[in-house]
Amino acid sequence: MSDAAVLFEELPAKAGRIGRATLNVPATLNSLTLDMVDLLQVQLDAWARDEDIAAVFIDGSGEKAFCAGGDVQALHRSAVEQPGGPCDYAENFFAREYRMNYTLHTYAKPVICWGHGIVMGGGLGVMAGCSHRIVTEATRIAMPEVTIALFPDVGGSWFLNHMPGRAGQFLALTGASINAADALYTGLADRFIASEHKAAVLDALLQQGWGLDAADNHALVRHCLRPFAERSLGSVPAAQVEPHMATINRLCDGDSVHEVIDNIIGQQTDDPWLARARDSLAHGSKLAALWIARQLWETRHASLREVFQAEIQLATNVVRYPEFAEGVRALLIDKDRKPAWQYDTSRAVPDEVLDGFFRAPWHANPLANL
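This section reports on the structure supplied with the text. Because the structure is predicted, anything quoted here is derived from the model rather than measured.

**Here's the deal with the nonpolar core**
Phase 1 of the analysis: In terms of nonpolar packing, the biggest core is built from 98 residues, with Leu32, Phe94, Phe170, Trp291 and Phe324 touching the most fellow members.
Phase 2 of the analysis: Those residues in contact with leucine 32, other than ones at most four positions away along the chain, are Leu23, Val37, Leu40, Cys67, Gly69, Gly70, Asp71, Phe93, Glu97, Met100, Gly122 and Val126.

Below you can see the structure in the form of structure tokens.
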């Protein structure tokens, strides 16, 4: 196995070829670095132009994770080395990562993602952009950015706003962990296939006579995946989101975002999934909870392009502000789990402080040309 951070192969099929990209840093649960983002962008662009490449298959090395997110420690270093910004590495990372995510969302050829194991943050950004998203019995998805004073980015403002009911708002505010059944229900995945079938799925894809018509090739992918999904029905885990939807909708039905936060934190429950979600928001940054809720509200009618343009604006402002560095320090650097948040409650955050995160920090948006 090569020690390259992303492995690329072109696999010959019955007709045409399949491009395979494997995130290959299992020691860090395949967390994305700027180099990995750039490698993916270059290869995706090349495969888009290559008529012999009919489809793309993306997976991760090892059994633990598809991708656990972005390299947050590198983002933290960038933030603390240049307090107040510009934070060159972090801001370049976000801009190029979102551009790569947008490429996946708008890719004409089929892109199959094998979302096995941990899929968090930037990993979910990759999976969400693919046209054929497969989850397994081991899939664990979360966007726990409230705990480090970030926000569900990488297109989260798009896919969270397209979930049923108030599920997206609840998951964004609490960072609650979800499984494969939840991914199907919330629209984050297209197929459940038991992990034991991975090699057979790849083999089936390689048995196809691919052509030049993208729509026909999408149909071939569906034709290949459908029987494996039917064979795997007995392995689907018990759902967590759908059975809780009445509670989620009630908790998120507040007269203000402050009331929603109060509802979630104040709930008395013996339900372990709801209790973990409650505690995550309770210990998270209340400032972050406010910018998370506002970002979702402001992008609720936005196009995909506008979503990424809004996300790079918020991400740039967040990484230049000390709350993010403190959150990462407490959770991932010193690991004392005792962040010194600037505000104890959401109501203590001045309006002008929150407003500042939604003002452009530069003359031209880095993603203006998406």
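**Quick notes on the pattern of salt bridges**
Phase 1 of the analysis: The tally for this structure, following the rule as stated, stands at 16 salt bridges.
Phase 2 of the analysis: Arginine 96 serves as the salt-bridge partner of aspartate 38, at 2.6 Å between the closest nitrogen and oxygen. On the criterion of sequence distance, the pair formed by aspartate 38 in helix α1 (residues 34–49) and arginine 96 in helix α3 (residues 88–105) is long-range, its members being 58 residues apart.
Phase 3 of the analysis: A salt bridge links arginine 329 to glutamate 326; the nearest nitrogen and oxygen atoms lie 2.9 Å apart. Highlighted residues: arginine 329 and glutamate 326, both in helix α15 (residues 322–333), separated by three residues, approximately one helical turn.
Phase 4 of the analysis: Judged by relative accessible area, which is 18%, arginine 329 ranks as buried.
Phase 5 of the analysis: Linked by salt bridges that have partners in common, Glu9, Arg20, Asp59 and Lys198 make up one network.

**Regarding the environment of tryptophan 273**
Phase 1 of the analysis: With respect to the helices, strands and loops of the structure, tryptophan 273 is situated in helix α12 (residues 272–283).
Phase 2 of the analysis: Put simply, tryptophan 273 and arginine 347 are 74 residues apart on the chain and 26 Å apart in space, counted from C-alpha to C-alpha.
Phase 3 of the analysis: When neighbours within four sequence positions are excluded, tryptophan 273 is seen to be in contact with Phe170, Leu171, Ala176, Ser177, Ile178, Gln240, Val241, His244 and Ile248.

**Let's talk about the side chain of serine 232**
Phase 1 of the analysis: Tracing the backbone through its elements, the reader meets serine 232 in the loop between α9 (214–231) and α10 (245–251).
Phase 2 of the analysis: Classification of serine 232 by relative accessible area gives buried; the value is 1%.
Phase 3 of the analysis: Polar side-chain contacts of serine 232 include one of 2.9 Å to the backbone nitrogen of alanine 194.
Phase 4 of the analysis: In this structure the side chain of serine 232 is engaged in a polar contact, spanning 2.7 Å, whose partner is the backbone oxygen of phenylalanine 228.
Phase 5 of the analysis: Other than its neighbours up to four places away in sequence, serine 232 contacts Phe192, Ile193, Ala194 and His197.

Quick notes on the rules
Residues numbered from 1 in each chain as written. Predicted model: local features only at pLDDT ≥ 70, side-chain atom pairs only at ≥ 80, totals over all residues. Heavy atoms only, no water. Core = buried A, V, L, I, M, F, W, Y, C linked by side-chain atoms within 4.5 Å. Buried < 20%, exposed > 50% of the residue type's maximum accessible area, 1.4 Å probe, protein only. Contact = heavy atoms within 4.5 Å. Salt bridge = Lys/Arg side-chain N within 4 Å of Asp/Glu carboxyl O. Helix = DSSP H or I, 4+ residues; strand = E, 2+ residues; numbered from the N terminus. Polar contact = N/O pair within 3.5 Å; in protein donor to acceptor, adjacent residues only side chain to side chain.

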